[in-house]
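Here are the chains, one letter per residue:
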Amino acid sequence: MVKLPKAALCMALLGLMLLLAGCSRGESPTELPVTETPPPSDQSTETPPTSDQSDEAPTSEAPASGASAAQALADFVEVFNAGDEDLLEAFATQRFSSALISQKGGLELIRYVLGRIYAEHGRVALREVVQETGDSITAWIQSEATGVWFLTTLTLEGEAEQSQIVRLDMIPDEGPAGVQEPAAPLAAEEFAALVDAHLDGLEEQGLFSGVVLIAHEGEILLLRAMGPMNEDGDLNNTDTRFALASTSKMFTAAAVVQLADQGLLDLDDPVSMYLPDYPEEMIQGVTIRHLLTHTSGLGSFFYSDIQPLTTVDQMLLVPIEPPAFAPGADYRYSNGGFVLLGGVIERASGQ
């Protein structure tokens, strides 16, 4: 028997989507402050106002600033549910603070990541308010199609109609207490059948493109490819190769720790020891540990400068956002930091 709660099914599928869909360009997973399970609960908890769920074509103008965080969150849901990337970009331009836009990699990346979330999960609904003050709200949002829950926090700063959104975190989670099904053990075959049935629904709605493999004790229980592999409409097959995107960070981190175990580096070594030619003002005081824990202060790439790259040395030439704080002083998800770790691995290992 495989002891897997039924309520974990959608979260398992979400992991499969992130690993297999391979469409990311450097997201912070999520951690775009927006962001990727069970069906809606019948809870009577009061919710913030939701948008009109009509099928009218979206306008090209984002809703004007509201006076409360609850209204701002409702406005965001309205824009998100339109499924229009131009409207999403307009909303971010008008309502996000410049600091938030910079922190999340710029308007182009915000537009892309939000568009991907909509493509994978469709429309969302506000289900339950967890905590609310005048300028901040935390609430449960759920995808109407996939059932995935997001614990979402939005914070405003500024006076009334002139306020701007300075934080918008949308973190996938198991959902509010009380909505999960009892944790009953499933036979491996049962689990595979549930996944297969769930994939049927996603395929019908065009919400999943990828390959799913489930095996137990050496036996393949489910191997299924679906959806287009490219914009030309070619369909995925079981041999399709996918971009791993930020999933590869796990392999980078594992390689660093293995080198530390072998005595070829120390996690508290300065990065400059391994990358002496890298601009000193970017990595002054930064250690390998800072890069691993996203506490270096460094940000992401300047995407407009990215060309097809095949080596770490080429990637090290791509400009990275300058440090936002002193090393170790705060947390900032950093794609650029893991490129530097790639350079450290090559120098320390000699490979």
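To be clear, the structure that these remarks concern was listed above.
Residues numbered from 1 in each chain as written. Predicted model: local features only at pLDDT ≥ 70, side-chain atom pairs only at ≥ 80, totals over all residues. Heavy atoms only, no water.

Chemist: Could you clarify how one ought to interpret unusual backbone geometry in this entry?
Modeler: Excluding glycine, most residues fall at negative phi; most peptide bonds, likewise, are trans. Phi angles above zero are rare outside glycine, and A245 is one such case at about 55 degrees. If you trace the backbone, A245 turns up in the loop between β6 (219-226) and α7 (248-261). A positive phi is found at H294, a non-glycine position, where the angle reads about 55 degrees. Note that H294 resides in the loop between α9 (288-292) and α10 (312-316). (Helix = DSSP H or I, 4+ residues; strand = E, 2+ residues; numbered from the N terminus.)

Chemist: It is not clear to me how the packing of helix α2 (residues 69-82) against helix α3 (residues 85-95) should be interpreted in this structure. Could you clarify?
Modeler: Helix-helix packing is characterised by the crossing angle of the two axes and by the distance between the axes. Interhelical geometry of α2 versus α3 gives an angle of 155 degrees and a closest axis separation of 8 Å. Of the possible angle classes, the one that applies to α2 and α3 is roughly antiparallel. Along the contact surface, α2 presents A72, D75, F76, V79, F80 and A82, while α3 presents L87, L88, F91 and R95. Each residue belonging to the contact of α2 with α3 can be placed in one class, and the counts come to 8 nonpolar, no polar and 2 charged. (Axes fitted to C-alpha atoms, helices over the stretch in contact; angles between N-to-C directions. Parallel < 35°, antiparallel > 145°, perpendicular 65-115°, else oblique. Contact = heavy atoms within 4.5 Å. Nonpolar A, V, L, I, M, F, W, Y, C, P; charged D, E, K, R; others polar.)

Chemist: Would you mind showing me how to read the pattern of salt bridges here?
Modeler: Where side chains of opposite charge bring their charged atoms close, a pairing between them can arise. If you walk through the whole model with that rule in mind, you get 14 salt bridges. A salt bridge links R111 to E89; its shortest N-O distance comes to 2.9 Å. One end of the pair, R111, is in helix α5 (residues 107-121); the other, E89, is in helix α3, with 22 residues separating them in the sequence. R111 gets classed as partly exposed once you look at its relative accessible area, which sits at 22%. One salt bridge connects R347 with D313, and the closest N-O pair in it is separated by 3.2 Å. Pair noted here: R347 is in helix α11 (residues 335-349) and D313 is in helix α10, with a separation of 34 residues, a long-range link. (Salt bridge = Lys/Arg side-chain N within 4 Å of Asp/Glu carboxyl O. Buried < 20%, exposed > 50% of the residue type's maximum accessible area, 1.4 Å probe, protein only.)

Chemist: What should I look at first to understand a negative patch on the surface in this one?
Modeler: A surface patch of negative charge is lined by E189, E190, E217 and E219. In this fold, E190 is placed in helix α6 (residues 188-204). (Patch = residues over 30% accessible without salt bridge, like charges linked within 9 Å, V, L, I, M, F, W, Y side chains within 5 Å. Areas by Shrake-Rupley, 256 points an atom, 1.4 Å probe, with all protein chains shown as cover. Lys, Arg positive; Asp, Glu negative; His and termini not counted. Charge placed at Lys NZ, Arg CZ, Asp CG, Glu CD.)

Chemist: In this structure, what is going on with the packing of aromatic side chains? I would like to understand it.
Modeler: The geometry of an aromatic ring pair is captured by two quantities: the separation of the ring centres and the angle between the planes. Inspection of every chain in the model, using the stated rule, returns 5 aromatic pairs. Taking the centre distance of 5.7 Å and the plane angle of 70 degrees together, the rings of F80 and Y118 count as edge-to-face. Here F80, found in helix α2, pairs with Y118, found in helix α5; they are 38 residues apart in sequence, far enough to count as distant. Each ring, one from W140 and one from W149, has its centre 6.0 Å from the other, and the planes form 85 degrees; the classification is edge-to-face. Grouping residues by exposure puts W140 and W149 together as buried. Clustering of aromatic rings is evident, with ring pairs tying together F76, F80, F91, F96 and Y118. Here K249 stacks its cationic end above the ring of F338, 5.7 Å away from the centre of that ring. (Phe/Tyr/Trp six-rings, centres within 6.5 Å; stacked < 30°, edge-to-face > 60°. Lys NZ or Arg CZ within 6 Å of the ring centre and 35° of its normal.)

Chemist: When you look at the pairing of strand β1 (residues 124-132) in this model, what are you seeing that I'm missing?
Modeler: If a strand is regular, its side chains alternate between the two faces of the sheet. As paired elements, β1 and strand β2 (residues 136-143) share 7 bridges and run antiparallel to each other. Paired with E128 across the strands is W140, a residue of β2. Hairpin remark: β1 followed by β2, antiparallel, with 3 residues in the connecting loop. (Pairing = 2+ DSSP bridges.)

Chemist: Help me understand the nonpolar core, please; the structure alone is not making it clear to me.
Modeler: A general trend in soluble globular proteins is that nonpolar side chains are found buried together. In this structure, L73, F76, F96, I141, L154 and I165 are the most contacted members of the largest nonpolar core, which totals 34 residues. Where this core is concerned, the elements lending two or more residues are α2, α3, α4 (98-103), α5, β1, β2, β3 (149-157) and β4 (164-173). Considering each element in turn, this core owes the most residues, 8 residues, to α2. Of all hydrophobic cores here, the second largest spans 27 residues; its members include L265, L275, V339 and L340. (Core = buried A, V, L, I, M, F, W, Y, C linked by side-chain atoms within 4.5 Å.)

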